[in-house]
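Breakdown of the fold
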Amino acid sequence: MTRLAAFAVGLAAVFTTTYGIGRVVDRSPVVEGRHDGAATHPAGGSDEAVDRLPGGLLVSDRGYTLDPVDAPAEELAFRITGPDGHPVTRYDVAHDKQMHLIVVRRDLSGFRHVHPDLAPDGTWRVDTPLAGPGQWRAFADFTPTGGEPLTLGVDVTVPGELTERPLPAPATSTTVDGYTVTLTGAPQPGRTSPLTLTISRNGQPVTDLEPYLGAYGHLVALRRGDLAYLHVHPDGTPGDGRTRPGPAVTFLAEVPSAGSYRLYLDFRHGGAVHTAEFTVSTGTPPADAPPTGSNPSGPAPTGDADHGTPGHGHN
Ligand SMILES: [Cu+2]
């Protein structure tokens, strides 16, 4: 009797301790892979499981491998090795380029989107976009000729003093290089939903955006925790007779799970490319839902009611 009681007390203590740790982890500023099955299972499951993964999580997929190449500090170099074990030298053009290289720190800061040059031996080189010390993730987004589009990812460390940058809170408006960019719509896990970004400058709508990478904007979304790389397609292209050069640019986005995402919009105006960044949290009630008064996962989306962009439907 006494032993049984002692056992029960011991169990209770274990549960309490576990619960306490869980709470502490959940409240920490950065939680890697929280509530995220893809991040907690090692790669190398069934092919079916791999097919369902978002892009950018694997360094090697479908026979193609991203191989960093030694390079001077001011340069970033890599190769893509193909199924035959040799560097790939032929690529299809997608969004105006054969290779899109995206880099970002593991804390989602420092985003850059650049276009390396291909040497005849299959080595890609670019002036390093890695702006300072940190744990960086590099994504190569490409289509090998005769193959499918792929996004491979690899970690790159730049030594030095690391400074963790907190993820900015969700917001529906931001400024960059004197432009104000507002975001309407929110990604919904498991289905495609429109995201509209509207650009103004000095209070005036920008109506003469310049095409960049075959569109009036290029949007990359990365998931917090594992940096899953999400393809986001522009809704319309310059010259299709219905897509206007601003002030609004609409994308069709689908996110694989609830969670926090960082969106990076590249747009071109005045001969320069600008990048506007947003944090969005999915899994929160739509903006037109009645307020619940409690939302433990973060601030509720704000500002949607002020924008009133036509076509912002919840269909
Ligand atoms: Cu690109």
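Right, let's walk through the structure included here. Sequence order as written defines the numbering, with residues in each chain counted from 1. Two thresholds apply to this predicted model, a pLDDT of at least 70 for residue-level local features and 80 or more for giving and counting side-chain atom pairs, whereas whole-chain, interface and lining totals are computed over all residues. The side-chain values count all of the structure's non-hydrogen atoms but skip hydrogen atoms and water molecules.

1. Re the coordination of the copper ion
Test applied: Ligating atoms shown are N, O and S within 2.8 Å of the metal, or 3.2 Å for Na, K and Ca, and water is not included, meaning a site may look less than complete.
Taken together, His100 (ND1), His113 (NE2) and His115 (NE2) make up the protein donors of the copper ion, found 1.8 to 2.0 Å from the metal. Sequence positions of the residues that donate to the copper ion give the spacing H-x12-H-x1-H.

2. What to know about the side chain of Ser193
Inclusion rule: Going along the chain from the N terminus, every DSSP run of H or I of four or more residues is numbered as a helix, and every run of E of two or more is numbered as a strand. Each residue is assigned to one of three classes by its accessible area relative to the maximum for its type, calculated with a 1.4 Å probe on protein chains only: buried under 20%, partly exposed between the two thresholds, exposed over 50%. Any pair of nitrogen or oxygen atoms within 3.5 Å is treated as a polar contact; in protein, a donor-acceptor pairing is required on top of that, and neighbouring residues in sequence qualify only through side-chain atoms on both sides. When checking whether two residues touch, look at their non-hydrogen atoms; a contact exists if any pair is within 4.5 Å.
Relative to the helices and strands, Ser193 is located in strand β12 (residues 193-201). Taking the relative accessible area as the measure of exposure, Ser193 reaches 6% and is therefore buried. A polar atom in the side chain of Ser193 sits 3.3 Å from the backbone oxygen of Ala186. Contact partners of Ser193, with chain neighbours within four places excluded, come to Ala186, Pro187, Gln188, Phe251, Leu252 and Ala253.

3. Focus: the pairing of strand β14 (residues 218-223)
Applicable threshold: For two strands to count as paired, DSSP must find a minimum of two bridges between them.
Where burial is concerned, most of β14 is hidden: 6 out of the 6 residues are buried. Of the two faces of β14, the one lined by His218, Val220 and Leu222 and the one lined by Leu219, Ala221 and Arg223 are each fully buried. Here β14 runs beside strand β18 (residues 260-269); their pairing, made up of 6 bridges, is antiparallel. What sits directly across from Val220, in β18, is Tyr264.

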